[in-house]
Amino acid sequence: MTAADSTRPAPLRLGVSTVGLAVPLLVLGAVAMTTHRFLSLDNARAILASSAFVGITAIGATLVMIAGSGVSLAASQTATVVAMFFLATQQLGLAAAVLIALAAGATLTALQGAIVGYWHANPIVLSIAAGFAIGGATTWFSGGTPVYPRTRAFDVLNGTPFGLPLAVYVLLAVTLLAELTLRRTTAGRQMYLVGENRAAARAAGLPVGRVTVIAWACFGVCIALTGVFLASFTTSATVTLGGTLTLDAIAAVLVGGTAITGGRGSALRTLGGAVLISVISDVLLLRGFSTGIQILVKGILVLAVVVTVHLRTTRGRQ
Amino acid sequence: MMRRWVARPEAVMPLVSILVVLGAFGCSPLLNGKPLQVFDVYNALQGFAQLGLLALAIGLTMIAGEFDLSVVGTYALGGMLAVQLGAKSPVLGVLAALGAGAAVGLVQGALIARLRIASMPVTLATYIALLGLTYAMSGGLSKSYPNSAATLWVDQSLGGVFSPRSLLTLTAFLIAAAVLGFTKLGRELRAIGSDRRASRVAGVRVDRRLIAVFTISGVLAALGGALLSYSYASANPDPGLQPLILAAVAALLGGVSLAGGRGAPLGVLAGALSVAVLAQIVAVTALPDFTTQLLYAALLAVIVAIESPGLRASLDRLRARHADG
């Protein structure tokens with residue numbers, strides 16, 4: 001019995017909740033198909049492009065959630081500080097700047113993972129503290145003014161090979177890597193076990209601390225990638241660059257059906273969640289609904305999925 | 001001695017934090033050379049009014065072992081409703097906000113209690129939905145509030161340091177403290193927060209209490225939002241996460257634990273006052289803005305250190321080794 005098996009409930013038990021998932025998806029499909037201009041290549045591109053930035057961070061957040069650390073509330077601030085590092089080091093060359101950015105993101109986030117993993121600190125309190133520390137330090141060092149790059153080596157990252165933004169390819173690559181890590185590596189398998197039951201994992205001699213640090217480090221790399229793309233896209237970085245990244249990423253993970261309690265979920269599901277949110281926003285946009293309605297529907301969607309996933313898993317256990 | 005203190009953080013933390021912060025507030029003239037004004041105290045209490053009801057709302061849910069992220073959504077919605085419906089009659093606006101807050105809390109509480117589902121994802125979803133609703137109501141723009149009589153009323157100075165807004169906030173805390181202190185509700189909430197199954201077995205009506213806590217949390221958050229938008233004479237459709245985070249910091253400083261089962265309204269009061277006075281110290285001494293963030297980070301680091309079982313265990317091990325060696 002592994003955690004992967006428990007993510008696949010037995011087919012006979014699914015009556016109500018399968019219908020509960022299938023009907024809204026069919027309705028969405030029907031509405032989307034009948035929406036003018038939805039079925040076009042340009043629109044498909046737009047959907048993928050808009051899910052890329054949040055999606056990359058969400059993939060990292062998935063690992064942390066599977067490993068049972070719940071959520072981090074410092075993603076926006078981390079992405080911002082990484083973006084500033086990236087732009088400030090442009091003169092060293094693109095590769096060096098990207099590496100510095102990724103290292104910064106991984107270090108800042110893995111440190112939090114270490115405190116959560118080895119000292120069992122509450123991840124929410126800790127990440128709020130980290131958010132304040134990172135945000136405060138960012139304002140301190142940047143003087144509250146935007147950071148502008150000295151050279152524009154990053155323009156390559158705004159490229160659109162084969163018509164899709166580079167960030168979309170990175171999102172797909174990150175998803176694949178995360179999925180392989182979760183399914184095929186020891187660390188990935190251990191993430192499920194630690195998330196399923198931390199005390200049991202420790203009793204069984206699993207390296208709970210190390211597994212947690214690895215999950216958070218991967219999260220940090222993903223946040224850093226988002227930060228790098230945000231920086232390249234906006235070509236300057238202010239202290240508010242990260243925006244609503246923190247909660248948008250959590251929303252994508254939840255819509256993908258990963259449980260906040262840990263132990264189940266997958267990177268592919270999160271990709272699905274991120275794309276689903278983009279599709280719904282896109283349909284509403286094409287049909288002329290305001291931003292407010294788009295956000296409202298996103299919230300209702302998250303709520304519906306959270307409740308459905310919860311009902312499914314608890315019914316599976318009984 | 002020290003160990004006993006650390007073992008009862010819910011009593012020590014709020015007391016220490018409020019004393020330290022008030023001490024620093026008293027010493028702030030040493031830094032900027034200007035004596036403290038009565039107006040500075042008034043301002044600190046205004047900051048407390050802005051944050052207090054939200055802190056109480058989130059604090060009550062935390063005592064019961066839940067974490068209500070949606071309070072900041074209710075806060076925004078309450079502010080928007082009060083501004084849009086209370087132009088003629090401010091009381092009507094506040095009542096509309098309170099009704100909406102109660103409805104939101106009731107629905108969430110029922111979902112969380114009956115389905116036994118984790119509150120964090122549910123309230124996150126509600127937060128996003130409420131933000132969207134507020135956005136849709138205002139077209140994404142700030143709405144100004146034309147009733148200047150109400151704006152002047154809520155912020156008028158009473159006795160130099162108070163305003164109706166800060167007094168209302170204080171009253172809410174005192175009522176909550178009295179209700180939780182003098183009835184069995186306080187013990188029940190802490191029981192629900194620390195061991196839900198055991199409290200069910202012991203005959204506590206867990207579901208009802210949870211629904212009530214979320215409803216009250218919604219009402220408090222909506223009231224806070226309504227009073228704030230009367231004070232600003234405008235309602236902001238997206239307050240961001242900052243109010244939520246500060247409210248959580250206030251509750252944590254007040255000795256409430258995110259794990260649940262610990263804390264009391266008077267502690268949260270001390271926590272909210274600490275956060276507000278700290279912001280006022282930074283304003284009075286003209287320190288740069290980021291200092292506030294770094295101070296909050298430092299305070300939370302202390303909380304993380306006190307609350308981490310693993311850290312305490314490793315410190316104990318170190319001390320034991322030291323004693324042996």
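Use the structure listed above.
Residues numbered from 1 in each chain as written. Chains lettered and ligands numbered in written order. Predicted model: local features only at pLDDT ≥ 70, side-chain atom pairs only at ≥ 80, totals over all residues. Heavy atoms only, no water.

### What to know about the packing of aromatic side chains
All names here are of chain A. As a reminder of what qualifies: Any two rings among Phe, Tyr and Trp, with Trp reduced to its six-membered ring, count as a pair given centres within 6.5 Å; such a pair is stacked if its planes are under 30 degrees apart, edge-to-face if over 60, and tilted if neither. Numbering of helices and strands runs from the N terminus; a helix is a DSSP stretch of H or I covering at least four residues, while a strand is a stretch of E covering at least two. Buried means the residue's accessible area, taken with a 1.4 Å probe over protein chains only, is under 20% of the maximum for its type, while exposed means over 50%, and partly exposed covers the values in between.
Under the criterion given, the structure shown has nine aromatic pairs over all chains. Where W216 meets F219, the ring centres are 6.4 Å apart and the plane angle is 70°; that geometry is what we call edge-to-face. In this pair, W216 and F219 are both assigned in helix α10 (residues 208-234), three residues apart and thus about one turn of the helix distant. Classification of W216 as buried rests on a relative accessible area of 0%. Relative accessible area serves as the criterion here: at 3%, F219 is assigned to the buried category.

### Thoughts on the pattern of salt bridges
Residue and element names in this part refer to chain B. So the rule is basically this: For this analysis, a salt bridge means a side-chain nitrogen from Lys or Arg found within 4 Å of a carboxyl oxygen belonging to Asp or Glu.
According to the stated counting rule, one finds nine salt bridges over all chains in the structure shown. We note a salt bridge from D155 to R165, for which the minimum N-O separation is 3.1 Å. Remark: R165 occurs in helix α8 (residues 164-182) and D155 occurs in helix α7 (residues 148-155); sequence separation between them is 10 residues. Like D155, the residue R165 is buried in the burial classification. Here E188 ties to R209 by a salt bridge, and the two come within 2.5 Å at their closest N and O atoms. Residue E188 is located in helix α9 (residues 185-194), and its partner R209 is located in helix α11 (residues 206-232); the two are separated by 21 residues in the primary sequence. Among the residues examined, E188 registers a relative accessible area of 10% and is labelled buried. A relative accessible area of 21% means that R209 is categorised as partly exposed. Residues joined by salt bridges that share partners form a network here, namely R114, R200 and D207.

### Quick look at the environment of L193 of chain A
Residue and element names in this part refer to chain A. Under the convention used in this document: Any two residues whose heavy atoms approach within 4.5 Å are treated as being in contact.
Structurally, the position occupied by L193 is in helix α8 (residues 186-196). Along the chain, L193 and L206 lie 13 residues apart, while their C-alpha atoms are 8.7 Å from each other. Those residues in contact with L193, other than ones at most four positions away along the chain, are A201 and L206.

### What about helix α7 (residues 166-184) of chain A?
Residues and elements named next belong to chain A. Basically, it comes down to this: For a helix, the expected span equals 1.5 Å multiplied by the residue count minus one. The arc in question is formed by the directions pointing from the helix axis toward the C-beta atoms.
With 19 residues, α7 extends 27 Å from end C-alpha to end C-alpha; this agrees with the ideal 27 Å at 1.5 Å per step. Those residues of α7 lying buried are A167, V168, V170, L171, V174, T175, A178, E179 and L182. Taken around the axis of α7, the buried residues stretch over an arc of 165°, which confines them to a single face. Along α7, exposed side chains directed more than 90 degrees from the buried face belong to L176, L177 and R184. Looking at the buried positions of α7, the neighbouring elements they touch are α3 (41-66), α8, α10 and α12 (267-286).

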